[in-house]
Amino acid sequence: MQSFSNSSDRLMSITLALGQYPMLAGRMRSHMRHELYNRDIIQKQEFEAQVRKQAILSQEREGLLNPVGEEPAEIWEERHSRVRDQLTDLIFSQHLSFDHFQTIITDVLNERGVERSNPTLTFNPEQAPQELIFEHAWSILRLPPDERDQYEHHLEESRVVLIRTMISDQLPYVNIAKHWFTIPDLAEIRLRKIGAGRIGGKAAGMLLAHRILVNELPEELQASIKKPEYYFIGSNEMYSFFAMNDLEKWNDQKYKSEEKMMEDYPRIVDEFVNSQFPSDIIERLKEILEQVGEKPLIVRSSSLLEDSFGTSFAGKYESIFLPNQGEQSVQIAALTNAIARVYASTLNPDALLYRRNKGLQDYDERMAILIMVVEGKSFEKYYLPDASGVAFSRNLYRWAPQIRREDGFVRLVWGLGTRAVDRVGNDYPRLIALSHPLLRPTPDQRTMERCSQKFVDLLDLEENSIKTAPIHEVLNADYPALRYISQISDEGYFQSLRSRLMEKDRNKLVLTFEDLLRRTPFGERMRQFLSILEKSYENPVDLEFTLAIDVDNNNNANLRFTFLQCRPQSQLAKSKETHIPGHLPEKDLILQTRFMVPQGIIDNISHVLFVPPAEYFKLQMNERFELARIIGKVNKVLKGKTSIFVGPGRWGSANPDLGVPIGYGDLYNTRALIELSGKDVGAAPEPSLGTHFFQDLLEAQIYPLAVMLDDPQTVFQSSFFYHGPNVLSELIPADDSLKERLRIIEVDKYRKGHFLRLIMNEETNTAVGYLVPTQ
């Protein structure tokens, strides 16, 4: 695949490189012309005619009326020679890659028996074209090992400049990446990149994780990881797309009000998807499609700030699956539509508000595009991975005291990873504490079955679409990895599959992943991967991955992991001692829960936002979305005050039947989000650890808590939540019906001279909220 570098940069690089070999430049250019002739790029007669024409034109520009007769022969020959050299460089740079040029240099030096000159730096790498930096680096690598050491500092500078200009300019990333990436690694990235600019944060993390693991894993485990197939569109091409389609008028969206952002966004998406791409980008995309054939693709965002230290942008930008079936005209239409949607998502209100709240509003947040072949296998008419998930090197929630936080955590699903990173439907992933993989949060079989995955996201190759299907419509006896991902539920017990599944038992299948965890080294391998990456990053990390379970004739499983994303793990700030006082007066105790409690303390809580469950579930679907937007308005008004949000079900879910459908822009000013569950209250509390929503909470230092109202150890003081003075109308305009469905309790008006303190103790798995006198 040819380099996609700009031809003008290539021309400059060729000219500068030839200047390093003045005695051999003529011979090198002779080889370059022969290459042009041999490839039928231009005929010799046509080339020489152009040289003569350009030489005469240069005379005329100098005022010579009789170009041939007025100039001495030796000056004419010099002029003619210089024009030939310039035209050689120009045509070569327009049609052939710098790698071809580098081969010519090597051939000329070898045929003349000339050693390359010492690779002393004669240019400023910060200002030089990438091709020249690569050529300088290659010249060092070609030296014998004993001579190379003295130029190692030049090689490091080359790596750093190439990482900064091609991948990411975020210094925490550069400081890690420069120790791992090689010049061949960077050359491969250049070959797979379309257009100018960087490849962005998501691509950067994926590539770095793979390189670290390839270097650090013992040889016997190398076969257990697979590098994904990928291509990039450089971040600068987004602005070319904007300029070509008159979309620059939307560049100031980040400075508009939240209401205006939301009002404009549907129109923005419509304009983007109906825009055109430059012809050279289209041609490059067609080349990619020719290479991948009908393999399914995913088009992913990879903005410059994405997956950085402290700013993951988790779920803020689009990622779009493409089954990629049919004729190329159908494929290219779907591919460009997906890229346009990813570009449009840079102006998504949730992303813009996230940037505003993070102090990144004024940063030039360009979007690169990461195009990847979807990891998976064909099964009947479907395409899906055997498992997908997200893994963390630090387990922030321990549901049993023996769980070791430092061993990590996995959130695992069958099929595409969307169900692992999003809070979707009334469905559940398998939660795995890597220190004790078989230890479940819920001990009894009935709860485990109820809290198992019921639906699978996959690609339907016949319908050329992504879809969600009940697992029993897809799983059958012919699925190769069936016994490793599922068990049969029978009379209160789970039974592993020891023989071929009978059709009558198909609907008894439950996705447990029990035999994957018992009979394969999944847990051990994942701990090892996470440990290596955490050590290399000098920071806890989280990974998105797919897993292929290859079953041999003896029903033994070989595991192959592909890592799709790696970034620093978001964490809550380390809290001071969180001792819970004993014997709290009943009148002071507002709430207590013992369900997967984090470590922390929130003091001086002055406002509590409460959504009464019964009132919420009376609302129509559109009214629930409207309530979420109203909560967003209250969130803005509460800026500068210490508040917590309390309400039914799974907040942040795409399904408002399960909980309040808020986004990051609706809650970033709160300090805790407390989800209520129980009979007629909301969906069972499924820990959001590992979801994009959870990332938002941690980065905003918002503590997530679940309160199971049916648990006899739970305290939930109804008099406070239901009968405390509602000050909603003091914050925003509110009629009586709105005040029934949304309550804002100001603590000082509930009990004069008091505030609410929320203490969370991970060791005792207890959180309490209680009233404290103002000092």
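Residues numbered from 1 in each chain as written. Predicted model: local features only at pLDDT ≥ 70, side-chain atom pairs only at ≥ 80, totals over all residues. Heavy atoms only, no water.

**Topic: the overall build of the chain**
The secondary structure content of the chain amounts to 29 helices and 27 strands. Taken over the C-alpha atoms alone, the chain extends approximately 110 × 65 × 50 Å along its principal axes. In the chain, the proportion of contacts linking residues at least 24 apart, taken out of those at least 6 apart, comes to 75%. Looking at the chain, you have 91 positive and 109 negative side-chain charges, and the mean spots of the two groups are 4 Å apart. (Helix = DSSP H or I, 4+ residues; strand = E, 2+ residues; numbered from the N terminus. Contact = heavy atoms within 4.5 Å. Lys, Arg positive; Asp, Glu negative; His and termini not counted. Charge placed at Lys NZ, Arg CZ, Asp CG, Glu CD.)

**Quick notes on the nonpolar core**
Judged by nonpolar contacts, the single largest core of 95 residues is most densely connected at I167, W414, F522 and M526. Ranked by residue count, the leading element in this core is helix α11 (residues 201–216), at eight residues. Core analysis: the second largest hydrophobic core is formed by 70 residues, M238, I268, L305 and A351 among them. (Core = buried A, V, L, I, M, F, W, Y, C linked by side-chain atoms within 4.5 Å. Buried < 20%, exposed > 50% of the residue type's maximum accessible area, 1.4 Å probe, protein only.)

**A closer look at the confidence of the model for the chain**
Per-residue confidence for the chain gives a mean pLDDT of 88, with 93% of residues at or over 70. Scored below 50 in pLDDT, residues 1–5 makes 21 contacts in the model with residues more than four places away or belonging to other chains. (pLDDT = per-residue confidence, 0-100.)

**Side note on the sheet that holds strand β17 (residues 557–568)**
With antiparallel pairing, five strands are arranged side by side in an open sheet as β10-β9-β8-β16-β17. The open sheet terminates on both sides in strands that have one partner only, identified here as β10 (430–433) and β17. Across this sheet, the average inter-strand angle for adjacent strands is 25°, counted without regard to direction. As paired strands, strand β16 (residues 541–551) and β17 are joined by 11 bridges and run antiparallel to one another. By the bridge assignment, L547 is partnered in β17 with F561. In the packing of helix α22 (residues 522–537) onto the sheet, contacts are made with β8 (387–392), β9 (409–413), β10, β16 and β17, and the angle to β17 comes to roughly 30°. (Pairing = 2+ DSSP bridges. Axes fitted to C-alpha atoms, helices over the stretch in contact; angles between N-to-C directions.)

**Structural notes on the packing of aromatic side chains**
Enumeration over the complete set of coordinates arrives at 24 aromatic pairs. A ring pair is formed by F610 and F721, whose centres lie 5.2 Å apart and whose planes are at 55°; its orientation type is tilted. With F610 in strand β20 (residues 607–610) and F721 in helix α26 (residues 718–723), this pair connects stretches of sequence that are 111 residues apart. On the basis of relative accessible area, F610 is assigned to the buried category, the value being 0%. Exposure remark for F721: the relative accessible area of 1% places this residue in the buried category. Ring centres of F720 and Y750 lie 4.9 Å apart, and the angle between their planes is 80°; on these two criteria the pair is classed as edge-to-face. Pair noted here: F720 is in helix α26 and Y750 is in helix α29 (residues 747–750), with a separation of 30 residues, a long-range link. Owing to a relative accessible area of 25%, Y750 belongs among the partly exposed residues under this scheme. Members of the aromatic cluster, joined through ring pairs, are Y239, F241, F242, F272, F277 and Y343. Above the ring of Y230, the side-chain terminus of R192 is found at 5.2 Å from the ring centroid. Its guanidinium or amino end placed over the ring of Y616, R624 lies 5.1 Å from that ring's centre, counting from NZ or CZ. (Phe/Tyr/Trp six-rings, centres within 6.5 Å; stacked < 30°, edge-to-face > 60°. Lys NZ or Arg CZ within 6 Å of the ring centre and 35° of its normal.)

**Thoughts on the environment of S719**
Here S719 lies in helix α26. Taking the C-alpha atoms as reference, S719 lies 9.9 Å from Y750; in sequence the two are 31 residues apart. Leave out the neighbours within four places in its chain, and S719 touches G724 and Y750.

**Quick look at the side chain of H754**
Tracing the backbone through its elements, the reader meets H754 in strand β26 (residues 754–761). Given the relative accessible area of 18%, H754 is considered buried. At 3.0 Å, the side chain of H754 forms a polar contact with the backbone oxygen of K752. Aside from chain neighbours lying at most four places away, what touches H754 is V747, D748, L771, V772, P773 and T774. (Polar contact = N/O pair within 3.5 Å; in protein donor to acceptor, adjacent residues only side chain to side chain.)

**Re helix α12 (residues 237–244)**
Inspection of α12 places E237, M238, F241 and F242 among the buried residues, and these make up the whole buried set. Down the axis of α12, the smallest arc covering the buried residues is 150°, so these residues share one side. Among the residues trailing α12, D246 stands out with phi positive, at a value near 55°. (Arc of directions from axis to C-beta.)

**Concerning the sheet that holds strand β21 (residues 643–648)**
Overall, mixed pairing links the five strands, which are arranged β23-β22-β21-β20-β25 in an open sheet. Single-partner strands in this sheet number two, and they are β23 (703–708) and β25 (743–746). The mean inter-strand angle of the sheet, taken between neighbouring strand axes irrespective of direction, is 20°. Bridging between strand β22 (residues 672–677) and β23 involves six bridges; their strand directions are parallel. When the bridges of β23 are listed, I674 appears paired with L705.

**Some thoughts on the packing of helix α2 (residues 25–38) against helix α4 (residues 73–95)**
Where α2 contacts α4, the two axes come as close as 10 Å, and the packing angle between them is 50°. As the angle between them shows, α2 and α4 are arranged oblique. In this structure, α2 crosses over α4, and the sense of that crossing is left-handed. Each of R29, M32, R33, E35 and L36 in α2 lies in contact with α4, whose residues at this interface are R84, D85, T88, D89, I91 and F92. Broken down by class, the residue content of the contact of α2 with α4 amounts to four nonpolar, one polar and six charged. (Parallel < 35°, antiparallel > 145°, perpendicular 65-115°, else oblique. Left-handed = near helix turned anticlockwise from the far one by under 90°. Nonpolar A, V, L, I, M, F, W, Y, C, P; charged D, E, K, R; others polar.)

**Remarks on the pattern of salt bridges**
Evaluation of the coordinates by the stated rule reveals 56 salt bridges. Among the ionic pairs, D542 bridges to R567, the shortest N-O distance being 3.3 Å. With a gap of 25 residues between them, D542 in strand β16 and R567 in strand β17 connect regions that are remote in the sequence. Bridged by salt links that share partners, the residues K256, K260, E263 and D264 form one connected network. (Salt bridge = Lys/Arg side-chain N within 4 Å of Asp/Glu carboxyl O.)

**Considerations on helix α13 (residues 258–273)**
Taking 1.5 Å of rise per residue, the 16 residues of α13 would be expected to cover 22 Å, and the 23 Å separating its terminal C-alpha atoms lies within 8% of that figure. For α13, the principal kink sits at Y265 and spans about 35°; a proline, P266, occurs within the next four residues. Those residues of α13 that sit buried are E258, M261, D264, Y265, I268, V269, E271 and F272. The elements touched by buried residues of α13 are α12, α15 (328–344), α16 (349–357) and α24 (621–637). (Expected span 1.5 Å × (residues − 1). Bend = angle between axes of the 7 residues up to and from the residue.)

**What to know about unusual backbone geometry**
Positive phi, normally seen in glycine, also occurs at N464, with a value near 55°. In this structure, N464 sits in the loop between β11 (455–460) and β12 (465–470). Located in the positive-phi region is N765, a residue other than glycine, with phi close to 50°. Along the chain, N765 turns up in the loop between β26 and β27 (766–773).

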